[in-house]
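Overview (structure and organization)
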Amino acid sequence: MDSDSRNVTWQRSSLTRRDRSQRFGHPSYVLWFTGLPGSGKTTLAFAMEKELHGRGIASYVLDGDNVRHGLGRDLGFSEADRKENIRRVGEVSKLFVDAGLVVLAAFVSPNEADRGMVREMLAPGEFIEIYVKCPLAECERRDPKGLYKKARGGQISNFTGIGAGYDAPVRPELILDTENRPAAESVADLIRYLEERNYLASC
């Protein structure tokens, strides 16, 4: 079967993006949480999802581990596979945004160029990069999944922060320092950011 994308045609719905946004009553966009393993990305994404749900905003979390159980189950952790994983997530996020949802994507996404690739898939203002900032030492101290210990013991190769690098965002829309702050404070900061820029306003 020929999978060349040049031989397929995008089929357009009679509903527009604006139709869907008006139905939900709010804009749609991607909140992209990036940071070292253990920095708190997933915790913040799910806490934010709950906050948005309470405000009547339709949202969905795309978590790195969850995605690798299905969409990315055929991918490893080589540089090429990581790039492909982020590309797939970007394409799914774009579809969710078109459907009128707020996407909360929690991925280490260590490569600045890969995050830029996803940004380019979306319209200006639809990709909000959130740098979940936490020092490597603190992330390793937390080690919620025991992965840093395995990486230090040679059981995991190319682990971000140990065997592979992490490109800290150059110009993120928001920085949330999670070293000594509870998740609730970071969620409040993010809500404030969105409110000030009318991302939570009715369409």
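Scroll up for the structure.
The following refers to the structure shown.

Definitions and cut-offs
Residues numbered from 1 in each chain as written. Predicted model: local features only at pLDDT ≥ 70, side-chain atom pairs only at ≥ 80, totals over all residues. Heavy atoms only, no water. Helix = DSSP H or I, 4+ residues; strand = E, 2+ residues; numbered from the N terminus. Rg over C-alpha atoms; globule rule 2.2 N^0.38 Å. Buried < 20%, exposed > 50% of the residue type's maximum accessible area, 1.4 Å probe, protein only. Contact = heavy atoms within 4.5 Å. 1 Å grid on protein atoms, 1.4 Å probe; cavity = no way out; pocket = protein on both sides within 12 Å on 5 of 7 lines; lining within 4 Å. Points joined across faces, edges and corners; volume = space filled by probe spheres on them. Nonpolar A, V, L, I, M, F, W, Y, C, P; charged D, E, K, R; others polar. Expected span 1.5 Å × (residues − 1). Arc of directions from axis to C-beta. Axes fitted to C-alpha atoms, helices over the stretch in contact; angles between N-to-C directions. Parallel < 35°, antiparallel > 145°, perpendicular 65-115°, else oblique. Left-handed = near helix turned anticlockwise from the far one by under 90°. Salt bridge = Lys/Arg side-chain N within 4 Å of Asp/Glu carboxyl O.

In terms of helices and strands, the chain carries eight helices and five strands. Each helix and strand of the chain, placed in order from N terminus to C terminus, yields the pattern α-β-α-β-α-α-β-α-β-α-α-β-α. Its C-alpha radius of gyration of 18 Å places the chain within 12% of the 17 Å reference for a compact globule of 203 residues. Taken along the three principal axes of its C-alpha coordinates, the chain extends 55 × 50 × 30 Å. Burial analysis of the chain (203 residues in total) assigns 40% to the buried set. Long-range contacts, defined here as pairs at least 24 residues apart, represent 76% of the contacts in the chain between residues at least 6 apart.

Our focus in this paragraph is the layout of surface pockets. With a probe scaled to a water molecule rolled over the atoms, the places where space remains empty come into view. Taken as a whole, the largest pocket holds about 950 Å³ of empty space. Pro37, Lys41, Asp65, Val108 and Lys145 are the residues nearest the centre of the largest pocket, which is lined by 41 residues in total. Among the elements of the structure, helix H2 (41–54), helix H3 (64–68), helix H4 (79–98), helix H7 (147–152) and helix H8 (183–196) are those that each provide at least two residues to the lining of the largest pocket. Tallied by class, the residues present in the lining of the largest pocket amount to 15 nonpolar, 15 polar and 11 charged. Of the volumes computed, that of the second largest pocket is approximately 380 Å³. Lining the second largest pocket are 16 residues, and of these Trp10, Arg12, Lys94, Leu95 and Asp98 lie nearest its centre. Put simply, the parts of the chain that give the lining of the second largest pocket at least two residues each are helix H1 (17–24) and H4. Per-element tally for the lining of the second largest pocket: the top contributor is H4, with five residues.

The next thing to look at is H8. Think of an α-helix as 3.6 residues a turn; residues three or four steps apart then line up on the same face. Across its 14 residues, H8 extends 20 Å between first and last C-alpha, which sits within 8% of the 20 Å expected from 1.5 Å per residue. Looking only at H8, the buried set comprises Ser186, Val187, Leu190, Ile191, Tyr193 and Leu194. Projection of H8 onto a plane perpendicular to its axis shows the buried side chains occupying an angular sector of 160°, all on one side. Seen from the open side of H8, the exposed residues pointing more than 90 degrees away from its buried face are Ala184 and Glu196. Residues of H8 that are buried sit in contact with strand S1 (29–34), H2, strand S4 (127–133) and strand S5 (174–177). After H8 finishes, the residue Asn198 shows a positive phi value of roughly 60°.

What follows deals with the packing of H4 against helix H5 (residues 112–121). Interaxial distance between H4 and H5 falls to 9 Å at its minimum, and their mutual angle equals 20°. On the basis of the axis angle, H4 is roughly parallel to H5. Crossing angle aside, the handedness with which H4 passes H5 is right-handed. The residues of H5 that touch H4, namely those facing Lys83, Ile86, Arg87, Gly90, Glu91 and Lys94, are Asp114, Met117, Val118 and Met121. Among the residues forming the contact of H4 with H5, the class breakdown is four nonpolar, one polar and five charged.

Next up on the list: the pattern of salt bridges. In total, this model carries 19 salt bridges according to the counting rule given. A salt bridge links Arg55 to Glu195; its shortest N-O distance comes to 3.2 Å. One end of the pair, Arg55, is in the loop between H2 and strand S2 (59–63); the other, Glu195, is in helix H8, with 140 residues separating them in the sequence. Overall, the relative accessible area of 38% leaves Arg55 in the partly exposed class. Shared partners join several salt bridges into a network, and the residues in it are Glu112, Arg115, Arg119, Glu129 and Glu173.

From the geometry alone we can't say anything about function, so treat these as descriptive.
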